[in-house]
Amino acid sequence: MDFGFRCPVILCLTLAVLASVLADLDDPLMGAPGSSVRLSENDPGLKKALKFAEDRYNMGSNTMHVRRVSKILSASKQLVKGIRYSIMVELSNTQCKKAARLMTCDFYPEEHNLKTEVCVFEVWDIPWERKSTLLKQKCQQAVDPKPVETNKVEFLSLSTSKPVEETEYLVELLGQFKEFMVRYNRTYSSKEVTERRLRIFHENLKTAEKLQSLDLGTAEYGVTKFSDLTEEEFRTLYLNPLLSQQKFQRSMKPAAMTHSPAPPSWDWREHGAVSPVKNQGMCGSCWAFSVTGNIEGQWFVKTGKLVSLSEQELVDCDTVDQACGGGLPSNAYEAIEKLGGLETETDYSYTGKKQSCDFTTDKVTAYINSSVELSKDENEIAAWLAENGPVSVALNAFAMQFYRKGVSHPLKIFCNPWMIDHAVLLVGYGERQGKPFWAIKNSWGEDYGEQGYYYLYRGSRLCGINKMCSSAIVN
């Protein structure tokens, strides 16, 4: 499809996109691996998912009164190794205080006491295991009686009485999309797919603009190589939902206390303990990259040799974790101990998909003796890192989809610390323009963020960065 700047082409594409949008405003986005199906309010599975989301919301909120769903705005489900429910609702105050634990809770009759929020929940239900997980919770105060309607498709917010301004806006949008396609070598299979990706791209621009306007740091958000993916597609292809599953966590012994407090700044890249940025591809194997990065650093600190170690060995040979379906660092350490060590990247190269285990003890280059869990205090984490080496950590990665550079400090609504879904490597810390930061080595290639790195505000337990810090021990 030609995205050149000749007027007839732009006009045709614009009309095609608008026609597609107007024809089916509520068409659910098709996310891998299954298709979304809309649900009625009476669906039994939806009712169960709503009750679960309500309970989790009330457990985690600081409000005095219980809040209940007062209106279902939209609901759909998708088969993804279970059933994933995507729900948008209004939550309103009831007259029940949390401590009372009453069986029935009525809403306030006075509108000013309702304090309604609009919330988006995603619940992953595995009925045959009797297990449910809250994958996403994003809420904001309702200021408009119909907050959803104004935001469904941003093309419709353009004033029809200003055709010149509308055309200029669309021309600029199409120019950005064309630049994105060229830069990231995107091709789509049909006109319909191209139009859909353009719509997603446009919605993502709006999300990035909202992140930008509300960020408390110095970050720049905008177009990235993930800008044509829905949030659900991005999570399915690149993130790791197992990290928020507390029941799967293997307990580890606590790390020993450090001998001295943290220096003002530290960066293990400057000391030779960090290998080049790698790329996990469309595989939820971030857990393997986080762990191998940690062991590369530990091996360097003990031996003075930096060796790039194999993530594919873990993807193939760790029988507890789920390869591209996600995993946990605590399990990975144990798998490495049982295997007897790690081969190099050269000997056991990365493919980004699970294969049969091809590990051989003859090629082991690095080994570990045990693993430890670090304190959840950020000052103690910094001190341990400076004294011992890079640290395996995990965080909520929602804002990372649109991050370009700077120190990221998203609001909690975008970065719930209990919704951890991405494992990374903490390599250092410091301060930029008065903003304390963590330097985080990511595994999405060097064309992500700042040469493959993400910088996150340090000191407020942001995005759950302090909740899952661990390290291998090499004696």
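Details of the structure are given in the entry above.
Everything numeric in this text was worked out from a predicted model, so none of it was measured.

Calculation criteria
- Residues numbered from 1 in each chain as written.
- Predicted model: local features only at pLDDT ≥ 70, side-chain atom pairs only at ≥ 80, totals over all residues.
- Heavy atoms only, no water.
- Helix = DSSP H or I, 4+ residues; strand = E, 2+ residues; numbered from the N terminus.
- Buried < 20%, exposed > 50% of the residue type's maximum accessible area, 1.4 Å probe, protein only.
- Contact = heavy atoms within 4.5 Å.
- Areas by Shrake-Rupley, 256 points an atom, 1.4 Å probe, with all protein chains shown as cover.
- 1 Å grid on protein atoms, 1.4 Å probe; cavity = no way out; pocket = protein on both sides within 12 Å on 5 of 7 lines; lining within 4 Å.
- Points joined across faces, edges and corners; volume = space filled by probe spheres on them.
- Nonpolar A, V, L, I, M, F, W, Y, C, P; charged D, E, K, R; others polar.
- Domains from an automatic or database assignment.
- Disulfide = S-S within 2.5 Å.
- Pairing = 2+ DSSP bridges.
- Axes fitted to C-alpha atoms, helices over the stretch in contact; angles between N-to-C directions.
- Core = buried A, V, L, I, M, F, W, Y, C linked by side-chain atoms within 4.5 Å.

Novice: Explain the overall build of the chain to me, and be specific about the residues and the numbers.
Specialist: Summing up its helical and strand segments, the chain has 9 helices and 16 strands in all. Scored against the burial criterion, the 475 residues of the chain give a buried share of 54%. A fraction of 74% describes how many contacts in the chain between residues 6 or more apart in sequence connect residues 24 or more apart. Carbon and sulfur atoms make up 53% of the accessible area of the chain, which amounts to about 22,500 Å² in all.

Novice: Any details on empty space enclosed by the protein? Residues and values, ideally.
Specialist: A full pass over the atoms with the stated rule returns 5 cavities of 30 Å³ or more. Approximately 160 Å³ is the volume attributed to the largest cavity. Around the largest cavity, the lining comprises 18 residues; the ones closest to its centre are Glu231, Arg235, Asn396, Phe398 and Asp421. The set of elements that each furnish at least two residues to the lining of the largest cavity consists of β5 (131-141) and α5 (231-238). A per-element tally of the lining of the largest cavity places β5 first, with 4 residues. Split by residue class, the lining of the largest cavity holds 9 nonpolar, 4 polar and 5 charged. Counting contributing residues, the lining of the largest cavity receives three or more from each of domain 1 (37-141) and domain 3 (231-473). Considering only enclosed or pocket space, the second largest cavity measures out at about 100 Å³ in volume. If you go around the second largest cavity, you meet 14 residues; those closest to its centre are Phe289, Ser290, Lys441, Asn442 and Ser443.

Novice: How would you sum up the state of the cysteines? Please name residues and give values.
Specialist: Counted by the stated rule, this structure contains 5 disulfides. There is a disulfide in this structure between Cys96 and Cys105, and the S-S distance comes to 2.3 Å. Around the S-S axis, the bridge from Cys96 to Cys105 shows a dihedral of about -115° and counts as left-handed. Residue Cys96 shares its accessibility class with Cys105, and that shared class is buried. Each sulfur in the disulfide pair Cys283 and Cys324 lies 2.0 Å from the other. Given an S-S torsion of about -95°, the disulfide between Cys283 and Cys324 has left-handed geometry. Placement of Cys283 in the loop between β8 (266-267) and α6 (286-303) and of Cys324 in the loop between α7 (312-317) and α8 (329-339) is noted, with a sequence separation of 41 residues between them. With a relative accessible area of 1%, Cys283 lands in the buried category.

Novice: How would you summarise the sheet that holds strand β1 (residues 37-38) if you had to cite specific residues and measurements?
Specialist: Spatial ordering of the open sheet is given by β1-β2-β3-β4-β5, a layout of 5 strands whose pairing is antiparallel. The sheet is open, and its two borders are formed by β1 and β5, each paired with just one other strand. Bridging between strand β3 (residues 83-97) and strand β4 (residues 117-126) involves 9 bridges; their strand directions are antiparallel. Paired with Val89 across the bridge in β4 is Cys119. Helix α2 (residues 44-60) contacts β2 (65-79), β3, β4 and β5 of the sheet and is inclined by roughly 135° relative to β2. Most of the contacts of α5 go to β3, to which it runs at about 115°, and overall it touches β2, β3, β4 and β5.

Novice: So what's going on with the pairing of strand β9 (residues 370-373)? Residues and values would help.
Specialist: Sheet faces and side chains relate simply in a regular strand, where the side chains alternate between the two faces. When strand β7 (residues 253-254) meets β9, the two strands line up parallel, connected through 2 bridges. Pairing of Lys253 across the sheet is with Val372, part of β9. Across 4 bridges, the pairing between β9 and strand β16 (residues 470-473) is antiparallel. Counterpart to Ser371 in the pairing with β16 is Ala472.

Novice: Talk me through unusual backbone geometry; I want residue IDs and the actual numbers.
Specialist: For Asn185, which is not glycine, the phi dihedral falls at a positive 55°. A relative accessible area of 66% places Asn185 in the exposed class. Not every positive phi belongs to a glycine, and Ala323 is a case in point at roughly 55°. Positionally, Ala323 belongs in the loop between α7 and α8.

Novice: Now, about the nonpolar core: what can you tell me, with residues and values included?
Specialist: Leu426 and Tyr454 are the most contacted members of the largest nonpolar core, which totals 54 residues. Looking at this core, the elements that each hand over two or more residues are α4 (191-214), α5, α9 (378-388), β10 (391-395), β13 (422-432), β14 (435-441) and β15 (453-457). In terms of nonpolar packing, the next biggest core, distinct from the first, is built from 21 residues, Ala49, Leu50, Ala53 and Phe121 among them.

Novice: Report on the environment of Phe180, specifying residues and quantitative values.
Specialist: By secondary structure assignment, the location of Phe180 is in helix α3 (residues 163-183). The buried category is assigned to Phe180, whose relative accessible area is 1%. As a C-alpha pair, Phe180 and Lys225 span 45 residues in sequence and 7.7 Å in three-dimensional space. Excluding its chain neighbours within four sequence positions, the residues that come into contact with Phe180 are Arg186, Tyr188, Phe201, Val223, Thr224, Lys225, Ser227 and Asp228.

Novice: Report on the layout of surface pockets, specifying residues and quantitative values.
Specialist: Empty space within the second largest pocket amounts to approximately 930 Å³. At the level of elements, α2 and β5 are the ones that each hand at least two residues to the lining of the second largest pocket. The element best represented in the lining of the second largest pocket is β5, accounting for 9 residues. Residues of the lining of the second largest pocket, tallied by class, amount to 11 nonpolar, 13 polar and 8 charged.

Novice: Quick one: what's the story with the environment of Tyr85, residue by residue and with numbers?
Specialist: Considering the arrangement of structural elements, one finds Tyr85 in strand β3. Overall, Tyr85 belongs to the buried group, its relative accessible area being 3%. Separated by 38 residues in sequence, Tyr85 and Val123 place their C-alpha atoms 5.1 Å apart. Those residues in contact with Tyr85, other than ones at most four positions away along the chain, are Leu39, Asp43, Gly45, Leu46, Ala49, Ser76, Lys77, Phe121, Glu122, Val123 and Asp125.

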